[in-house]
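Structural overview for review
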Amino acid sequence: FKLRVKLFYALIEFEKDQLESSGSSIGINRGNAIRATIARNNILDDGYRALNDFTSELKTLIQIEFKNEYGHIEQGIDGGGIFKEFLNELMKDAFDPQRGLFLQTEYRNELYPNPDYPRLKQVLLVDKDYYAFLGKMVGKAIFDRILIQPIF
């Protein structure tokens with residue numbers, strides 16, 4: 001298993017090197033990083049709106065700026081830490097069983113997709129595919145080696 005993990009991360013590093021040599025922003029912004037403005041009190045929906053339409057571009061640098069509860073942009077330059085904070089807050093919000101996307105097992109508090117969510121989605125008139133978006137964000141976390149909280 002350890003060998004497979006090493007191979008997996010070696011392949012990711014190889015892809016990052018190729019993207020970087022082709023001019024993509026990976027470690028530093030070369031003017032083509034993805035930028036997103038996210039309200040702290042609406043992380044899941046703002047993140048979805050700002051990032052869901054991207055596919056392979058998500059492998060590049062993503063720079064986040066937060067808006068506070070008054071709608072003002074928070075000071076700070078995203079050198080990676082703000083994106084990590086965004087990703088952790090997004091996961092905390094999206095995987096919260098109170099949101100309804102995921103439920104917890106009774107004994108070990110492990111998360112699993114809510115089997116009733118498709119019906120709930122119709123009742124609440126939700127038109128977003130949150131599961132696909134969260135898959136992209138978990139993939140981004142793996143690609144960037146960012147530790148996230150949910151226990152599956």
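Reference entry: report on the structure contained in this document. (Residues numbered from 1 in each chain as written. Predicted model: local features only at pLDDT ≥ 70, side-chain atom pairs only at ≥ 80, totals over all residues. Heavy atoms only, no water.)

Mapping aspartate 53 onto the fold places it in the loop between α2 (43-51) and β2 (62-67). Separated by 80 residues in sequence, aspartate 53 and phenylalanine 133 place their C-alpha atoms 9.0 Å apart. (Helix = DSSP H or I, 4+ residues; strand = E, 2+ residues; numbered from the N terminus.)

Take unusual backbone geometry next. The backbone of asparagine 109 sits at a positive phi, close to 55 degrees, despite the residue not being glycine. Relative to the assigned elements, asparagine 109 resides in the loop between β3 (102-104) and β4 (111-113). Looking at asparagine 109, the relative accessible area reads 43%, which means it is partly exposed. Positive phi outside glycine occurs at arginine 145, with the angle close to 55 degrees. Within the secondary structure, arginine 145 sits in the segment after α5 (130-143). For arginine 145, a relative accessible area of 51% gives the class exposed. (Buried < 20%, exposed > 50% of the residue type's maximum accessible area, 1.4 Å probe, protein only.)

With that out of the way, let us pick up helix α3 (residues 81-94). For an α-helix, the turn length of 3.6 residues means that residues three or four places apart are oriented alike. The terminal C-alpha atoms of α3, which comprises 14 residues, lie 20 Å apart, in line with the 20 Å expected from a rise of 1.5 Å per residue. Those residues of α3 lying buried are Ile82, Phe83, Phe86, Leu87, Leu90, Met91 and Ala94. Buried positions along α3 lie against β1 (34-39), α2, β2, β3 and α5. (Expected span 1.5 Å × (residues − 1). Contact = heavy atoms within 4.5 Å.)

Next up on the list: the pattern of salt bridges. A complete count under the given rule lists 9 salt bridges for this structure. Close ionic contact of arginine 40 with glutamate 85 constitutes a salt bridge, the shortest N to O distance being 2.8 Å. Separated by 45 residues along the polypeptide, arginine 40 in the loop between β1 and α2 and glutamate 85 in helix α3 bring together distant segments of the chain. The class for arginine 40 is partly exposed, based on a relative accessible area of 32%. (Salt bridge = Lys/Arg side-chain N within 4 Å of Asp/Glu carboxyl O.)

Here the focus is the packing of aromatic side chains. Summed over all chains, the structure comprises 7 aromatic pairs. Just above the ring of phenylalanine 66 sits the side chain of arginine 40; from NZ or CZ to the centre is 3.9 Å. The residue whose ring lies beneath arginine 145 is tyrosine 9, and the NZ or CZ to ring-centre distance is 3.9 Å. (Phe/Tyr/Trp six-rings, centres within 6.5 Å; stacked < 30°, edge-to-face > 60°. Lys NZ or Arg CZ within 6 Å of the ring centre and 35° of its normal.)

Take the packing of α3 against α5 next. Each pair of packed helices gets described by two things: the angle between the helix axes and the distance between those axes. Interhelical geometry of α3 versus α5 gives an angle of 140 degrees and a closest axis separation of 11 Å. By the angle class used here, α3 and α5 are oblique. With respect to the hand of their crossing, α3 and α5 are arranged in left-handed fashion. For the pair formed by α3 and α5, the contact residues are Phe83, Leu87, Leu90, Met91 and Ala94 on the first element and Phe133, Leu134, Met137, Val138, Lys140 and Ala141 on the second. Counted by class, the contact of α3 with α5 contains 10 nonpolar, no polar and 1 charged residues. (Axes fitted to C-alpha atoms, helices over the stretch in contact; angles between N-to-C directions. Parallel < 35°, antiparallel > 145°, perpendicular 65-115°, else oblique. Left-handed = near helix turned anticlockwise from the far one by under 90°. Nonpolar A, V, L, I, M, F, W, Y, C, P; charged D, E, K, R; others polar.)

With 30 residues, the main nonpolar core has Ile64, Phe86 and Leu90 as its most contacted residues. Contributing elements (two or more residues each) for this core: β1, α2, β2, α3 and α5. Looking at this core element by element, the count peaks at 7 residues for α3. Residues in contact with phenylalanine 86, not counting those within four places in the same chain, are Ile38, Ile43, Gly47, Leu51, Ile64 and Phe66. (Core = buried A, V, L, I, M, F, W, Y, C linked by side-chain atoms within 4.5 Å.)

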